[in-house]
Amino acid sequence: MTSKSEGAALHLKGRILVGPDDVRDEMWVVGGRVTHERPRFTGEFTTVEGWVLPGLVDAHCHVGLDAHGPVDAATAEKQALTDRDGGALLLRDAGSPSDTRWIDDRADLPRIIRAGRHIARTRRYIRNYAHEIEPADLVAYVAQEARRGDGWVKLVGDWIDRSTGDLESCWPPGEVAAAIAEAHRLGARVTAHCFAEDTLAPLVEAGIDCIEHATGLTEETIPLFAERGVAIVPTLVNIATFPDLAAGGEKKFPRWADHMRRLHARRYDTVRAAYDAGVPVFAGTDAGGSLAHGLVAQEVAELRRAGLPAVAALSATTWGARDWLGRPGLTEGAPADLVVYPEDPRADVRVLAAPRRVVLRGQVIG
């Protein structure tokens, strides 16, 4: 529930973190929008004090999806509310079989940037999640999801191949290059789920814009990512599940299980090496499959454990992430989507787990 009506006038005081190097003492919200100039307003302001950040970004989640496939609207609503209450006010939905457009009409729910539905190879992904197709149809399906999404398309780049018992690439280079070119022609960017090492270089050379998970990055492929400006969303809270996944599949697929354990063991080193090389890194949780929503603060803490500096880890879910997704932060006239904390999140990013106030479209939530 909201405690203030839409358009409530707010005076935010304390430390306003407009950017990593732009910290101000106060800011106002009038008519649901941010202003940094004292407004000519004759009504009363509600004062909110603390450390203020733009609404957090979960750059990889799945509203409308659970471990078994699409969910009903009530469940999707609960997922979105959980993200909102944790401070995640902008979500990049990295693939969902559910139609969640109705969320756009709800002023009390986060904004969503959709990638349409996953596109996977036949019988090479989680059942009920994706369009499962063969390479000859890839361009057509990418075009379809580019038109349905909000500027993104999601491919499943690799998955276990039962004939080899290990992770294998899903798409021939020629077909995937043509599909990415078609997405770009339609104004969409392309990302791909990738765990394995050998999948990455062909996708980057084909022009892909982002890689999800990216556990297979190596000293050979990291420079290629940096040179091409290909972003990664490591989803470390999801990678933490690899040992359990490996244990569950070890009897049937021992090569795959061993591979997953090795990827897990070097996960922090992989992310830190990518960051050090200049690869853009953004925070995403992979919530909505087998993981709960509302975990973005945990993901930022994981980025810190991987060795990212505190401001870089914060940027991965605030200023940098919003710029990457083409959405404003705390700039003049921007929609007032922000989170207030009792302490400086730059000193300890774990503060993100307990927001003092969440303000969405100018409304104080809770």
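Before reading further, recall that the structure is shown in the block above.
What this report covers is the structure whose coordinates are included nearby.

So, how was this worked out
Per chain, residue numbering runs from 1 following the sequence as it is written. Predicted model: local features are reported for residues with pLDDT of at least 70 only, side-chain atom pairs are reported and counted for 80 or more only, and whole-chain, interface and lining totals are derived from all residues. Based on all heavy atoms of the structure, the side-chain values leave hydrogens and waters out of the count. Only DSSP runs of H or I with at least four residues qualify as helices, and only runs of E with at least two residues qualify as strands; both kinds are numbered from the N terminus onward. Only protein chains enter the accessibility calculation, which uses a 1.4 Å probe. A residue is then buried if its area is under 20% of the maximum for its type, exposed if over 50%, and partly exposed in between. The contact definition used throughout considers only heavy atoms, calling two residues in contact when any of these lie within 4.5 Å. Neither His nor the chain ends contribute to the count of charged residues, in which Lys and Arg are positive and Asp and Glu negative. Charge coordinates come from a single atom per side chain, which is NZ of Lys, CZ of Arg, CG of Asp or CD of Glu. Here a polar contact is recorded for every N or O atom pair within 3.5 Å, except that within protein the pair must consist of a potential hydrogen donor and a potential acceptor, and residues adjacent in sequence are included only if both atoms are side-chain atoms. DSSP-based pairing: two strands are paired if at least 2 bridges between them are found. Exposure above 30% relative accessible area and no salt bridge define the residues that can form patches, which grow by joining like charges within 9 Å and nonpolar side chains of Val, Leu, Ile, Met, Phe, Trp and Tyr within 5 Å. To measure how exposed things are, a 1.4 Å probe is used in the Shrake-Rupley method; for residues, cover is taken only from the protein chains shown. When a carboxyl oxygen of Asp or Glu is within 4 Å of a side-chain nitrogen of Lys or Arg, the pair counts as a salt bridge. Geometry of aromatic contacts follows a simple scheme: Phe, Tyr and Trp rings, the Trp one being its six-membered ring, pair when their centres are within 6.5 Å, and the pair is stacked under 30 degrees between planes, edge-to-face over 60, tilted otherwise. We call a set of buried residues a nonpolar core when its members are Ala, Val, Leu, Ile, Met, Phe, Trp, Tyr or Cys and they connect through side-chain atoms within 4.5 Å of each other. All axes here are fitted lines through C-alpha atoms, helices being fitted over the stretch that makes contact, and every angle between N-to-C directions spans 0 to 180 degrees. Put simply, angles under 35 degrees are roughly parallel, angles over 145 are roughly antiparallel, angles from 65 to 115 are roughly perpendicular, and the rest are oblique. Asp, Glu, Lys and Arg are counted as charged, while Ala, Val, Leu, Ile, Met, Phe, Trp, Tyr, Cys and Pro are counted as nonpolar; the rest, among them Gly, fall into the polar class.

## Comments concerning the overall build of the chain
Right, on to step 1. Within the chain one finds 12 helices and 20 strands.
Right, on to step 2. Seen through its C-alpha atoms, the chain measures out along the principal axes to roughly 70 × 40 × 35 Å.
Right, on to step 3. The 366 residues of the chain split such that 56% are buried.
Right, on to step 4. In the chain, the share of contacts with a sequence separation of at least 24, taken over all contacts with a separation of at least 6, comes to 65%.
Right, on to step 5. The distance from the centre of the 43 positive side-chain charges to the centre of the 52 negative ones in the chain is 3 Å.

## Brief notes about the side chain of H259
Right, on to step 1. For H259, the position within the fold is in helix 8 (residues 254–265).
Right, on to step 2. Reaching out from H259, the side chain makes a polar contact with the side chain of D166 at a distance of 3.0 Å.
Right, on to step 3. Those residues in contact with H259 that sit more than four places away from it in its chain are D166, L167, A196 and E197.

## Details of the pairing of strand 2 (residues 22–30)
Each regular strand displays side chains that alternate between the two surfaces of the sheet.
Right, on to step 1. Sheet topology places strand 1 (residues 10–19) next to strand 2; 7 bridges connect them, and they run antiparallel. Across the sheet, the residue bridging to L17 is V23, located in strand 2.
Right, on to step 2. Hairpin connection from strand 1 to strand 2: 2 residues lie between these consecutive antiparallel strands.
Right, on to step 3. The pairing of strand 2 with strand 3 (residues 33–35) spans 3 bridges and is antiparallel. Bridging across to strand 3, W28 finds its partner in T35.

## Quick word on the pairing of strand 8 (residues 88–93)
Right, on to step 1. Summarising burial for strand 8: 6 of the 6 residues are buried, a large majority.
Right, on to step 2. Direction of pairing for strand 5 (residues 56–61) relative to strand 8: parallel, over a ladder of 4 bridges. Across the sheet, D58 pairs through a bridge with L91, a residue of strand 8.
Right, on to step 3. The pairing of strand 8 with strand 9 (residues 111–114) spans 4 bridges and is classified as parallel. Opposite L90, over in strand 9, you have R111 as the bridge partner.

## Side note on a positive patch on the surface
Right, on to step 1. Taken together, the side chains of R123, R127, R162 and K252 present a region of like positive charge at the surface.
Right, on to step 2. Mapped onto the fold, R162 is located in the loop between strand 13 (158–161) and strand 14 (166–169).

## Notes on the packing of aromatic side chains
Right, on to step 1. Taken as a whole, this structure holds 5 aromatic pairs when the rule is applied.
Right, on to step 2. Ring geometry for F282 and W324: centres 4.2 Å apart, planes at 10 degrees, overall stacked. One end of the pair, F282, is in the loop between helix 9 (267–276) and helix 10 (296–305); the other, W324, is in helix 12 (residues 319–325), with 42 residues separating them in the sequence.
Right, on to step 3. Assessed through its relative accessible area of 15%, W324 is described here as buried.

## A word on the nonpolar core
Right, on to step 1. Membership of the largest hydrophobic core comes to 90 residues, with the highest contact counts inside it found for L138, L155, I208, I211, F225 and L303.
Right, on to step 2. When neighbours within four sequence positions are excluded, I211 is seen to be in contact with T191, A192, C194, L200, L203, F225, V230, A231, I232 and V233.

## Some points on the packing of helix 7 (residues 242–249) against helix 8
Right, on to step 1. Running from N to C, helix 7 and helix 8 point in directions that differ by 170 degrees, and their axes come no closer than 8 Å. Accordingly, the angle class assigned to the pair helix 7 and helix 8 is roughly antiparallel. Contacts between helix 7 and helix 8 involve F242, P243, L245, A246, A247 and G249 from the first element and P254, W256, A257, M260, R261, L263 and H264 from the second.
Right, on to step 2. Looking at the contact of helix 7 with helix 8, its residues break down into 10 nonpolar, 2 polar and 1 charged.

## Some remarks on helix 10
Right, on to step 1. Burial runs high along helix 10: 7 of the 10 residues are buried.
Right, on to step 2. Restricting attention to buried positions, one finds in helix 10 the residues V296, A297, E299, V300, A301, E302 and L303.
Right, on to step 3. Considering only its buried residues, helix 10 is in contact with strand 5, strand 8, helix 6 (236–239), helix 9 and helix 11 (310–315).
Right, on to step 4. Backbone geometry just downstream of helix 10 places G307 in the positive-phi region, at approximately 110 degrees.

## Some details on the sheet that holds strand 18 (residues 338–341)
Right, on to step 1. Ordered in space as 3-2-1-4-18-19-20, the 7 strands form an open sheet in which the pairing is mixed. At either margin of the open sheet sits one strand with a lone partner, and together these are strand 3 and strand 20 (363–365). On average, each strand axis in the sheet is inclined to that of its neighbour by 40 degrees, with strand direction left out of account.
Right, on to step 2. Here 3 bridges tie strand 18 to strand 19 (residues 357–360), and the two strands are oriented antiparallel to one another. If you follow L338 over to strand 19, its bridge partner there is V359.

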